[in-house]
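Residue strings, one per chain:
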Amino acid sequence: MSLRIIVTVKYVPDATGDRHFADDLTVDRDDVDGLLSELDEYAVEQALQIAEAADDAEVTVVTVGPEDAKDALRKALSMGADKAIHVEDEDLHGTDALGTSLVLAKAIEKAGYDLVISGMASTDGTMGVVPALLAERLGVPQVTLLSEVSVEDGTVKGRRDGDAASEQLEASLPAVVSVTDQSGEARYPSFKGIMAAKKKPVQSWDLSDLDLEAEQVGLEGSYTTVDSAAQRPARTAGTIVKDEGEGGKQLAEFLASQKFI
């Protein structure tokens, strides 16, 4: 039986762009370019490596987002994923992490899976909670923040590196795992891969396809909300210490005044 691997990916605003909030205090995506979250590329890479090591495996990438989110799916398909699922619905606008995990869980259940792989966090929200929420909603084990992962005989195994020690973890499939940016450099799409991605299937689902109501997602259904937002203050000129014999003392006094020492 084929090993069914699903990778959750996110279309995020380019971190190098001028990001800001819209009038409803959601992220304004119209004025900044988007791309596949860099941390999700590691998840795609690990999924492909597991699939390559298996006798029979299929990698499906899933995203929840607007029309442009298909760009994130195409990047993952060009890396080597087999097919993609795009959940798009106007009522999803403003959905928080809890709502996103609900939509993803419904999509994953509908698609069928053995292993779900996520990045450690998105590069826009950086909450890092969706993998755990997914495992809870799906009712399966979670093995998170892995820097090394493999699948063997119906079991997913991995290494989690902490500040003081490394842990060897495992769980029986089906399961949810998340991988860190230490799990291995993601491959670059080849020209052949980019061309092949254009022919790979991309399914489009909306809330009705997942038996979800608008009230369960979006700003109305969110458990969290942004009350206010302000632009980050512009950088001010730094303090220049001229060393005329007392430079070290002046530097120490400055650092002490800023409570750095």
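Just so it is clear, the model here is predicted, and its values are computed rather than measured.

Q: Would you mind going over the pattern of salt bridges with me for this structure?
A: Evaluated as defined, the whole model comprises eleven salt bridges. For E41, the salt bridge identified is with K75, shortest N-O distance 3.0 Å. With E41 in helix α1 (residues 38-53) and K75 in helix α2 (residues 70-79), this pair connects stretches of sequence that are 34 residues apart. You can call E41 buried: its relative accessible area is 17%. E67 is the salt-bridge partner of K70, the closest N and O atoms lying 3.6 Å from each other.

Q: Sorry if this is basic, but what is going on with the environment of V9 here?
A: Tracing the chain through its elements places V9 in the loop between β1 (3-8) and β2 (11-13). By relative accessible area, which is 6% here, V9 ends up buried. Residues V9 and V130, 121 residues apart in the sequence, show an inter-C-alpha distance of 11 Å. With sequence-adjacent residues up to four places away left out, V9 is seen in contact with L36, D40, V44, V61, V62, T63 and L73.

Q: Would you mind going over the packing of helix α3 (residues 97-111) against helix α4 (residues 130-138) with me for this structure?
A: Packed helices, taken two at a time, are described by the angle between their axes plus the distance between the axes. Between α3 and α4, the shortest axis-to-axis distance is 9 Å and the interhelical angle comes to 50 degrees. With respect to each other, α3 and α4 are oriented oblique. For the pair α3 and α4, the crossing hand works out as right-handed. Contact residues: α3 offers A97, L98, S101, L102, L104, A105, I108 and E109, while α4 offers V130, L133, L134, R137 and L138.

Q: Whenever I open this one, the pairing of strand β4 (residues 57-64) confuses me. Can you help?
A: For a regular strand, side chains alternate in direction, first toward one face of the sheet and then toward the other. When β1 meets β4, the two strands line up parallel, connected through six bridges. Paired with T8 across the strands is V62, a residue of β4. In this fold, the crossover linking β4 to strand β5 (residues 83-87) by way of α2 has right-handed handedness.

Q: Would you explain unusual backbone geometry in this entry?
A: Across the chain, the bulk of peptide bonds are trans and the bulk of non-glycine residues have phi less than zero. Here the residue pair L173 and P174 is connected by a cis peptide bond, since its omega of 0 degrees sits within 30 degrees of zero. Mapping P174 onto the fold places it in the loop between β10 (166-172) and β11 (175-179). Despite not being glycine, D211 shows a phi value in the positive range, around 55 degrees. As for its position among the elements, D211 is in the loop between β12 (202-205) and α6 (218-221).

Q: Help me understand the layout of surface pockets, please; the structure alone is not making it clear to me.
A: Take a probe with the size of a water molecule and roll it over the atoms, and the empty space left behind shows itself. Approximately 320 Å³ is the volume found for the second largest pocket. Contributing to the lining of the second largest pocket are 16 residues, with L3, A54, D56, V151 and D153 lying nearest its centre. Contributing elements (two or more residues each) for the lining of the second largest pocket: α1 and β8 (148-152). Grouping the amino acids of the lining of the second largest pocket by side-chain chemistry returns eight nonpolar, four polar and four charged.

Q: Would you take a moment to explain the sheet that holds strand β9 (residues 155-161) for this structure?
A: Each strand in a sheet pairs with another by means of backbone hydrogen bonds, the pair being arranged parallel or else antiparallel. Taken in spatial order, the three strands make up an open sheet running β8-β9-β10, and their pairing is antiparallel. Each edge of the sheet is formed by a strand with only one pairing partner; in this case those strands are β8 and β10. Each neighbouring strand pair of the sheet contributes to a mean axis angle of 15 degrees, computed without reference to strand direction. In this structure, β9 lies alongside β10, joined through seven bridges in antiparallel fashion. Across the sheet, residue G158 finds its bridge partner in β10, namely L169.

Q: Teacher, can you tell me more about the nonpolar core here?
A: Note that soluble globular proteins tend to have their nonpolar side chains buried in a common cluster. Within the largest apolar cluster, 37 residues are counted, with the highest numbers of intra-cluster contacts made by I5, V7, V44, V59, V61 and I117. Take this core: its biggest share by element is eight residues, from α1. With sequence-adjacent residues up to four places away left out, V7 is seen in contact with A43, V44, A47, V59, T60, V61, V62 and I117.

Q: Would you mind showing me how to read the side chain of T63 here?
A: Mapped onto the elements, T63 comes out in strand β4. For T63, a relative accessible area of 0% gives the class buried. What T63 contacts, discounting residues up to four positions off in sequence, is V9, K10, Y11, A69, L73, I85, H86 and V87.

Conventions and cut-offs
Residues numbered from 1 in each chain as written. Predicted model: local features only at pLDDT ≥ 70, side-chain atom pairs only at ≥ 80, totals over all residues. Heavy atoms only, no water. Salt bridge = Lys/Arg side-chain N within 4 Å of Asp/Glu carboxyl O. Helix = DSSP H or I, 4+ residues; strand = E, 2+ residues; numbered from the N terminus. Buried < 20%, exposed > 50% of the residue type's maximum accessible area, 1.4 Å probe, protein only. Contact = heavy atoms within 4.5 Å. Axes fitted to C-alpha atoms, helices over the stretch in contact; angles between N-to-C directions. Parallel < 35°, antiparallel > 145°, perpendicular 65-115°, else oblique. Left-handed = near helix turned anticlockwise from the far one by under 90°. Pairing = 2+ DSSP bridges. Right-handed = clockwise from strand over helix to strand, strands pointing away. 1 Å grid on protein atoms, 1.4 Å probe; cavity = no way out; pocket = protein on both sides within 12 Å on 5 of 7 lines; lining within 4 Å. Points joined across faces, edges and corners; volume = space filled by probe spheres on them. Nonpolar A, V, L, I, M, F, W, Y, C, P; charged D, E, K, R; others polar. Core = buried A, V, L, I, M, F, W, Y, C linked by side-chain atoms within 4.5 Å.

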